[in-house]
Amino acid sequence: MPDEAKLVFLVPITFFLVTGAILVSIIYFNFRQKQMLIERGFTSEELKELMKKKEIKSSTFLPKAGIIMIFFGIGLGLGRWIADYNFEIAIPVFIFVFTGIGMIVADKYGSDRTVEVENK
């Protein structure tokens, strides 16, 4: 069997094994955390307060993700355009550069929005 055929079978198997190991680890460590808190003598109200998931109300997630995707698309498009002129490294360079610019712009957008929310 050629090496490519072996790789085709190993990639999904490895993906599912690693994903399963991560999920089992998360469940186990959450269980251990709760068990240690019970052993230390916390009351049920204290346990409920500690275990309550903190809700993060972020109205900036989708606009930030959109900004990053727009800059990623611009980088991909410019990279493909420049690569047509025998500059083959242009695609990854433009993707990384424009995605980085998009992340910076999205961070600035998010920090401006959080300041406005805190002032209200």
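Residues numbered from 1 in each chain as written. Predicted model: local features only at pLDDT ≥ 70, side-chain atom pairs only at ≥ 80, totals over all residues. Heavy atoms only, no water.

Visitor: Any chance you could break down a nonpolar patch on the surface for me, citing the residues and the numbers?
Guide: A contiguous nonpolar patch, built from Phe-87, Ile-89, Val-93, Val-97, Ile-101 and Val-105 and spanning about 470 Å² of accessible area, is present on the exposed surface. The residue Val-93 is located in helix H4 (residues 90-119) in this model. For Val-93, a relative accessible area of 39% translates into the label partly exposed. (Patch = residues over 30% accessible without salt bridge, like charges linked within 9 Å, V, L, I, M, F, W, Y side chains within 5 Å. Areas by Shrake-Rupley, 256 points an atom, 1.4 Å probe, with all protein chains shown as cover. Salt bridge = Lys/Arg side-chain N within 4 Å of Asp/Glu carboxyl O. Helix = DSSP H or I, 4+ residues; strand = E, 2+ residues; numbered from the N terminus. Buried < 20%, exposed > 50% of the residue type's maximum accessible area, 1.4 Å probe, protein only.)

Visitor: Lay out helix H1 (residues 3-39) with the relevant residues and their values.
Guide: If you check H1, its first and last C-alpha atoms are 52 Å apart, about what 37 residues at 1.5 Å a residue would give, namely 54 Å. Two residues or fewer after H1 comes Gly-41, characterised by a positive phi angle close to 90 degrees. (Expected span 1.5 Å × (residues − 1).)

Visitor: Just give me the short version of the confidence of the model for the protein, but keep the residues and values in it.
Guide: Overall, the prediction assigns the protein a mean pLDDT of 81, with 85% of residues at 70 or greater. Predicted confidence in the protein is weakest over helix H2 (residues 44-51), with a mean pLDDT of 74, and strongest over helix H3 (residues 61-83), with 89. Note that pLDDT drops below 50 for residues 115-120; the model gives that stretch 0 contacts with residues more than four away or on any other chain. (pLDDT = per-residue confidence, 0-100. Contact = heavy atoms within 4.5 Å.)

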